[in-house]
Amino acid sequence: MIKDFELTSNMVNDVLVMKTEGYINNAGGEKIAQEFDKHYSSGITKVLIDIEKSNVVNSIGISFLIEVIEKLNHKGGKLYFSNLDPSIEKTFTIMGLFQFADKVSSVEEIK
Amino acid sequence: MSSDLITQKLSFHVKSFQESFEILSGSNSIFEMSKHFERVLSGSFFTTGISLFHKKEKDLSWDTLLKKNSDEHLRLLNKVEDELFRISSSSDSTEIYTISKLVDSSQIGIVLGKRFDGNPYTEIDKITFQIFIQLFDNAYQALLSLQKEKKLIFSLNNRVSQLYSLIDTGIELSKIKMGSDLLELALSRAIALTNASFGRARRVNSKGKVEDVFFPPNIDIEASPDENKLSKSFTDYGIEYEFALCEKESRDGMIKFDDTDELLLGAIARQVQAAIENDRANKEALENETMKRELEVAAEIQKRILPVDLPVIEGYDIAGINIPSKGVSGDYYNVFELDDGRIALIVADVTGKGMPASLLVSTLDASLRSYLDFHIPLSEMAVKMNAIIYKSSTADKFITFLIAVLNPANGEIDIINAGHNPALLLRKDNKMEMIEAGGVAFGMFDMGLPFEGKKLKLDKGERLFIFSDGIPEAMNKDEEEYTDEKLEKFFVEEKTDSADEFINAIVTDVKLHTKGEIQSDDITAIYLIRK
């Protein structure tokens, strides 16, 4: 399996900010889920994924994002996305991600 | 223990059973459920020594969900492997354990270790334990139903998303510039739609030059085994396009591409093909529009140059015609009076048509009128005009040119023929002369080659005919030309009373020959009779 994916993360106040770069597929989605799980056990409830540098996402990658959303939802938390490519935004909308996740322009927008 | 007592003791747990089921059925996975189950069991049996194992099929090994003293606990379970649903206990009853079959035929093995207070498990505890295991199975069933429902919704949403993506991709491909951007967009969309891991779009031109686009960039597609590939190709105007996708992904690893993937890739490939064809059609339409506008301008230029009426020359009758073959003629003709009273008759033929030919005719007309005003010898004028045309035209453009300057008073004519069809002169005695004197066509060479002029005299009753090659070379559908011989014969035999009549007659004769075939070249002619 080709791994063309980079992930960086940092905490901004109480928000876990993850920045992705490359194809969000099985490998990419797994990496996001693993990074999220590391912080989830410590009680994190707000996560922002900045996907400015990812313009291709497949359904396997989306299934990992849905898992993150479900876990956060379970704890009353929320997943946020920023810098969405229009075609990815449309895909996420159709796949129902925005029923439980939100779009923001920056981390400061998250209260 | 009497059944009444058992019922009484269990009734204390009813609320606990209800709450436990609510907790367990709220789980998103069997791992989460097992953690909830641990809390439920430890609260009910006052023990933290709980191990929970799961296996999808009887013959597979156990997956550990909860691990407390797991090696010892696994040994206990192995002892009762064939005793499903039976609650077993250690000899001192301080540990109880069982293997149960779940709704999907998978199995769970549970061991309750020693209690905090060290007391043994009672019969009531064993019954309570069995009820909790049943609750677990019910919650597990609910979890499976929920997962199935989620999977179905995901799959339906994914299908809708694929359709939208296909539509959007078609629109985007029709807008994007041709080249690698087109292939890159199509490839990345095909990869995302089919869950391929990576892929390549290849274009091979008619000379075998290969251009590859990869997604993700810089991957080695050749390293992927053939069974993990899906490809589609098409050819457009000798250029071969191929899209190859590799290694379809799933959450459980690599799987084979299916029929839907083939349809999706085929649809994307067709969209690319349509985008390429549409782009070519648009370019052609644009070129046609440009050509049309160019021809309109050229026609306007020509309209201003070609004569509307020919001058009336006392003692002579003159007529001329120009019939362009396709909108704008590459031929030029004119008759005008010079300031010394002489009359210039000119026919010229520019190679090519359209705007370039029209501009060259314009240059010819302007330079001709300027030099004629200087009254220099025609041979000298021809050298100067050749130099101008040579500088004004491209290598493939030249002009054949014939000028006859008539002195109406005495019928003397000066003629220069620069590579044009010879003028025909019909004497009173019905003998025909061909006037070929001159030189090469204007614009071919600029080496100062001389042009030799000719003087002749037109007596009363004699006729002069100047024409372009559109007459002798007019072709019928069998590609047979009208020919010089036929033209010369017609010129000699058709001695009409007026110049107009002759022009009309020759045009009619040419059309009789071509029998409605599309005119292959411009027809231009001047006919002069001395009365």
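As the structure is a prediction and not an experimental result, all values here were calculated from the model.

Concerning the pattern of salt bridges
For side chains bearing opposite charge, pairing can occur when the charged atoms are close.
Moving on, step 1. Going through the model one piece at a time under the given rule, you end up with 31 salt bridges over all chains.
Moving on, step 2. Between glutamate 67 of chain A and arginine 251 of chain B there is a salt bridge whose closest N-O contact spans 2.8 Å. Taken together, the positions of glutamate 67 of chain A in helix α2 (residues 59-74) and arginine 251 of chain B in the loop between β9 (239-250) and β10 (253-255) put the pair across two chains.
Moving on, step 3. Overall, the relative accessible area of 31% leaves glutamate 67 of chain A in the partly exposed class.
Moving on, step 4. What you see here is one network of salt bridges that share partners, running through Asp340, Arg342, Asp414 and Lys455 of chain B.

As for the nonpolar core
Moving on, step 1. Judged by nonpolar contacts, the single largest core of 51 residues is most densely connected at Tyr332, Leu345, Leu368, Phe401, Ile403 and Phe442 of chain B.
Moving on, step 2. Setting aside chain neighbours within four positions, we find isoleucine 403 of chain B in contact with Ala344, Leu345, Ile346, Leu368, Leu372, Leu378, Met381, Asp414, Ile415 and Ile416 of chain B.

Brief notes about the environment of leucine 310 of chain B
Moving on, step 1. Note that leucine 310 of chain B resides in the loop between α7 (259-305) and β11 (316-323).
Moving on, step 2. In this structure leucine 310 of chain B touches Ile318, Ala319, Gly320, Tyr333 and Val335 of chain B, once residues within four positions along its chain are discounted.

Let's talk about the interface of chain A and chain B
Moving on, step 1. With 24 residues of chain A in contact, the opposing surface of chain B contributes 27 residues.
Moving on, step 2. Summed over both partners, the interface of chain A with chain B buries about 2200 Å², with 57% contributed by carbon and sulfur atoms.
Moving on, step 3. Between chain A and chain B we count 3 salt bridges in total.
Moving on, step 4. Across the chain A-chain B interface, the total number found is 12 residue pairs in polar contact (both at pLDDT 80 or more).
Moving on, step 5. Within the residue set of the side of chain A that touches chain B, elements represented by two or more residues are α2 and α3 (86-94) of chain A.
Moving on, step 6. Among the elements that take part in the side of chain A that touches chain B, α2 of chain A stands out by supplying 9 residues, more than any other.
Moving on, step 7. Across the side of chain A that touches chain B, the residue classes break down as 11 nonpolar, 9 polar and 4 charged.

A short note on the packing of helix α5 (residues 123-175) of chain B against helix α6 (residues 180-194) of chain B
All names here are of chain B.
Moving on, step 1. Across the interface, α5 lies against α6 with an axial gap of 11 Å and an inter-helix angle of 175°. Our classification of the angle between α5 and α6 gives roughly antiparallel. Between α5 and α6, the residues in contact are Gln162, Ser165, Leu166, Thr169, Glu172 and Leu173 and Leu182, Leu185, Ala186, Arg189 and Leu193, respectively.
Moving on, step 2. Looking at the contact of α5 with α6 residue by residue, the classes come out as 6 nonpolar, 3 polar and 2 charged.

Some points on the pairing of strand β7 (residues 210-215) of chain B
Moving on, step 1. In the sheet, strand β6 (residues 196-204) of chain B pairs with β7 of chain B via 6 bridges, with the strands oriented antiparallel. Following the sheet pairing, arginine 203 of chain B is matched in β7 of chain B by glutamate 211 of chain B.

Details of the sheet that holds strand β3 (residues 46-53) of chain A
Residues and elements named next belong to chain A.
Moving on, step 1. A sheet is described by the order of its strands in space; here 5 strands give the open sequence β1-β2-β3-β4-β5, paired in mixed fashion. At either end of the open sheet lies a strand with only one pairing partner, and these are β1 (5-12) and β5 (101-103). Shown here is a sheet whose adjacent strand axes are inclined to one another by a mean of 20°, direction ignored.
Moving on, step 2. Of the strand pairs in this sheet, β3 and strand β4 (residues 78-82) are connected by 5 bridges, and their pairing is parallel. Looking across to β4, one finds that lysine 46 is bridged to lysine 78.
Moving on, step 3. Contacting β1, β2 (15-22) and β3, helix α1 (residues 26-40) runs over the sheet at an angle of about 25° to β1.
Moving on, step 4. Sitting on the sheet, α2 is in contact with β3, β4 and β5, with an inclination near 135° to β4.

Points about the packing of α1 of chain A against α2 of chain A
All names here are of chain A.
Moving on, step 1. The N-to-C vectors of α1 and α2 enclose an angle of 15°; their axes lie 7 Å apart at closest approach. Here α1 is positioned roughly parallel relative to α2, judged by the angle of their axes. Two packed elements cross with a definite hand, and for α1 against α2 that hand is left-handed. Where α1 abuts α2, its residues Asn26, Gly29, Glu30, Ile32, Ala33, Phe36, Asp37 and Tyr40 lie against Ile60, Gly61, Phe64, Leu65, Val68, Lys71, Leu72 and His74.
Moving on, step 2. Among the residues making up the contact of α1 with α2, the classes are represented as 9 nonpolar, 4 polar and 3 charged.

So, the packing of aromatic side chains
Moving on, step 1. The final tally for this structure, using the stated rule, is 22 aromatic pairs over all chains.
Moving on, step 2. Where phenylalanine 36 of chain A meets tyrosine 40 of chain A, the ring centres are 5.0 Å apart and the plane angle is 35°; that geometry is what we call tilted. Highlighted residues: phenylalanine 36 of chain A and tyrosine 40 of chain A, both in helix α1, separated by 4 residues, approximately one helical turn. In this structure, phenylalanine 36 of chain A and tyrosine 40 of chain A share a single accessibility class: buried.
Moving on, step 3. The lysine or arginine in question, lysine 103 of chain A, covers the ring of phenylalanine 98 of chain A, its NZ or CZ lying 4.7 Å from the ring centre.
Moving on, step 4. Across the ring face of phenylalanine 336 of chain B, the terminal group of arginine 369 of chain B is positioned such that the distance to the ring centre comes to 4.4 Å.

Focus on the pairing of β2 of chain A
Residue and element names in this part refer to chain A.
Moving on, step 1. The buried fraction of β2 amounts to 6 of the 8 residues, a majority that puts the element mostly inside the structure.
Moving on, step 2. Taken together, the 8 bridges between β1 and β2 define a ladder with antiparallel strand orientation. Following the sheet pairing, serine 9 is matched in β2 by methionine 18.
Moving on, step 3. Turn length for the β1-β2 hairpin, with the two strands adjacent in sequence and antiparallel, is 2 residues, and the turn residue asparagine 13 shows positive phi of about 55°.
Moving on, step 4. When β2 meets β3, the two strands line up parallel, connected through 6 bridges. Paired with glutamate 21 across the bridge in β3 is lysine 53.
Moving on, step 5. Handedness of the crossover joining β2 and β3 through α1 is recorded here as right-handed.

About the thresholds
Residues numbered from 1 in each chain as written. Chains lettered and ligands numbered in written order. Predicted model: local features only at pLDDT ≥ 70, side-chain atom pairs only at ≥ 80, totals over all residues. Heavy atoms only, no water. Salt bridge = Lys/Arg side-chain N within 4 Å of Asp/Glu carboxyl O. Helix = DSSP H or I, 4+ residues; strand = E, 2+ residues; numbered from the N terminus. Buried < 20%, exposed > 50% of the residue type's maximum accessible area, 1.4 Å probe, protein only. Core = buried A, V, L, I, M, F, W, Y, C linked by side-chain atoms within 4.5 Å. Contact = heavy atoms within 4.5 Å. Buried area = accessible area lost by both parts, 1.4 Å probe. Polar contact = N/O pair within 3.5 Å; in protein donor to acceptor, adjacent residues only side chain to side chain. Nonpolar A, V, L, I, M, F, W, Y, C, P; charged D, E, K, R; others polar. Axes fitted to C-alpha atoms, helices over the stretch in contact; angles between N-to-C directions. Parallel < 35°, antiparallel > 145°, perpendicular 65-115°, else oblique. Pairing = 2+ DSSP bridges. Left-handed = near helix turned anticlockwise from the far one by under 90°. Phe/Tyr/Trp six-rings, centres within 6.5 Å; stacked < 30°, edge-to-face > 60°. Lys NZ or Arg CZ within 6 Å of the ring centre and 35° of its normal. Right-handed = clockwise from strand over helix to strand, strands pointing away.

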